[in-house]
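Here's the letter readout for the chains.
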Amino acid sequence: MREKNIGKEKIITIRESLKATKSNWPWVLIVLANLALWTAYSARNAALPYYFQYNLNDKGLISVFNGFSIIQILGMASVPFVVKYLHKWGTTILMLALTMIGQVWIGMAGSNVTSGLIGWCLACIGSGSAMTMFFSMVGDTVDFGEWKNGIRANGFLTAMGASFCIQMGSGFGSFIASRILATFGFTAAKATQTAGSLSAISFTFIWVPVIIYALSIVCMIFYRKWENHEPVVTEELAERRAANGADVVADK
């Protein structure tokens, strides 16, 4: 590989980067929606081992279900085709809804492992695809920040919209799961759990993610307005860059 120097980039300070978030509503919505997704995903994973151990009485199923998570690749591969028809906001809502359906399916399957696996696969395809969409859409908010505030803060906006959401969502999800289980008297050291603890495990594993995924969908419904505005942003940024380039040539 050979390095190709395409020009010097201006160094953006943290203070300037923060200005890029001013009135950057699509970025705010993406951060909130992605944060909700990772919170739901982490809450489910926190309760997962307890659900299989105590509610289904088979810890061995943990590795089986996790092994089927590889099916996420199918959803990720289908994203470019779905986006052509439903656009980015619609595709994300579809995938989040599919995740919710999968979660409910698992709950209705009960001890039926085969049916539970079907729901698990649906949830994995949906969540994996939604995660892919958020990584894609956060780049569009960088353009909006430049168009709105004149500052292109690639690193800051992308990091906050992706890595920050993963880290904070993982913390929030684990905290929510632990507090619910503790409230209903769950103790991991016990060989058997009370009826209240079993209900709390099931609620945390099945329904808490569904509720939080729904919040993510609400954010994406509001995001539709800003996605429809993207052609204007792209066109005007191109005009500005062309004008700036012409000014540089004139100065020379």
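Residues numbered from 1 in each chain as written. Predicted model: local features only at pLDDT ≥ 70, side-chain atom pairs only at ≥ 80, totals over all residues. Heavy atoms only, no water.

J.: Hey, could you run me through the packing of aromatic side chains in this one?
T.: Each pair of aromatic rings is reported with the distance of its centres and the angle of its planes. This model, assessed by the stated rule, comprises 10 aromatic pairs. With a centroid separation of 6.2 Å and 70° between ring planes, the pair formed by Phe52 and Phe205 is classed as edge-to-face. In this pair, Phe52 is assigned in helix α2 (residues 25-55) and Phe205 in helix α8 (residues 195-228), connecting sequence segments 153 residues apart. On the accessibility criterion, Phe205 (0% relative accessible area) is buried. Here the aromatic rings of Phe144 and Trp226 are separated by 5.4 Å at their centres, their planes lie at 75°, and the arrangement is edge-to-face. Residue Phe144 is found in helix α5 (residues 113-149), and its partner Trp226 is found in helix α8; the two are separated by 82 residues along the sequence. Using a relative accessible area of 5% as the deciding quantity, one classes Phe144 as buried. Given the relative accessible area of 18%, Trp226 is considered buried. The structure contains a cluster of three or more aromatic residues connected by ring pairs, namely Tyr51, Phe52, Phe65, Trp120 and Phe205. Positioned above the aromatic ring of Trp226 is the side chain of Lys225, whose terminal nitrogen or guanidinium carbon lies 4.8 Å from the ring centre. (Phe/Tyr/Trp six-rings, centres within 6.5 Å; stacked < 30°, edge-to-face > 60°. Helix = DSSP H or I, 4+ residues; strand = E, 2+ residues; numbered from the N terminus. Buried < 20%, exposed > 50% of the residue type's maximum accessible area, 1.4 Å probe, protein only. Lys NZ or Arg CZ within 6 Å of the ring centre and 35° of its normal.)

J.: Mind showing me how you'd approach helix α7 (residues 163-183) here?
T.: The periodicity of an α-helix, 3.6 residues per turn, causes residues three or four places apart in sequence to face the same way. Taking 1.5 Å per residue as the helical rise, α7 with its 21 residues ought to reach 30 Å, and the 30 Å between its terminal C-alpha atoms agrees with that figure. Looking only at α7, the buried set comprises Cys165, Gly169, Gly173, Ala177, Ile180 and Leu181. The arc that holds every buried residue of α7, seen down its axis, measures 105°, which confines them to one face. Along α7, the residues that are exposed and aim more than 90 degrees away from the buried face are Gln167, Phe175 and Thr183. Of the surrounding elements, those touching the buried residues of α7 are α2, α6 (154-161) and α8. Of the residues one or two after α7, Gly185 is the one with positive phi, at around 80°. (Expected span 1.5 Å × (residues − 1). Arc of directions from axis to C-beta. Contact = heavy atoms within 4.5 Å.)

J.: Can you walk me through the packing of α6 against α7 in this structure?
T.: For the pair α6 and α7, the least separation of the axes is 3 Å and the interaxial angle reads 25°. Accordingly, the angle class assigned to the pair α6 and α7 is roughly parallel. Facing α6, whose interface residues are Thr158, Ala159, Met160 and Gly161, α7 presents Ser163, Phe164 and Cys165. Its residues assigned to classes, the contact of α6 with α7 shows 4 nonpolar, 3 polar and no charged. (Axes fitted to C-alpha atoms, helices over the stretch in contact; angles between N-to-C directions. Parallel < 35°, antiparallel > 145°, perpendicular 65-115°, else oblique. Nonpolar A, V, L, I, M, F, W, Y, C, P; charged D, E, K, R; others polar.)

J.: Help me out: how do you make sense of the nonpolar core in this one?
T.: Nonpolar side chains in soluble globular proteins tend to be buried together. One finds Leu37, Phe205 and Met220 to be the most contacted residues of the largest nonpolar core, which totals 64 residues. At the level of secondary structure, the elements contributing two or more residues to this core comprise α2, α3 (61-67), α4 (72-109), α5, α6, α7, α8 and α9 (230-251). Considering every element that reaches this core, the biggest residue donor is α2, with 17 residues. Filtering out sequence-adjacent residues up to four positions away, Leu37 remains in contact with Leu96, Ser127, Ala130, Met131, Phe134 and Tyr213. (Core = buried A, V, L, I, M, F, W, Y, C linked by side-chain atoms within 4.5 Å.)

J.: Please clarify how the side chain of Arg44 should be interpreted in this entry.
T.: Tracing the sequence through the fold places Arg44 in helix α2. Buried and without a salt bridge, Arg44 has Asp58 as its closest oppositely charged side chain, separated by 18 Å. In this view, Arg44 contacts Gln103, Trp120, Ala123, Thr204, Phe205 and Pro209; residues no more than four positions away in its chain are not counted. (Lys, Arg positive; Asp, Glu negative; His and termini not counted. Salt bridge = Lys/Arg side-chain N within 4 Å of Asp/Glu carboxyl O.)

J.: Explain the state of the cysteines here, please?
T.: Covalent bonding between the sulfur atoms of two cysteines defines a disulfide. Across all of its chains, the model carries 0 disulfides by this definition. Summary of cysteine pairing: Cys121 is not part of a disulfide, and the nearest cysteine sulfur, belonging to Cys124, is at 6.4 Å. By relative accessible area, which is 13% here, Cys121 ends up buried. The closest cysteine sulfur to the non-disulfide-bonded Cys165 is located on Cys219, 10 Å from its own sulfur. (Disulfide = S-S within 2.5 Å.)

J.: Please clarify how the pattern of salt bridges should be interpreted in this entry.
T.: Pairing between side chains of opposite charge can happen when the charged atoms of each approach one another. Applying the stated criterion across every chain, the model contains 5 salt bridges. The closest approach of N and O atoms between Glu230 and Lys88, which form a salt bridge, is 3.0 Å. Of this pair, Glu230 sits in helix α9 while Lys88 is found in helix α4, placing the two residues 142 residues apart along the sequence. Here Glu230 and Lys88 have matching classes, each one buried. Two residues, Arg152 and Asp143, come together in a salt bridge whose shortest N-O distance is 2.6 Å. Residue Arg152 is classed as partly exposed on the basis of its relative accessible area, which comes to 31%. Residue Asp143 is classed as partly exposed on the basis of its relative accessible area, which comes to 22%.

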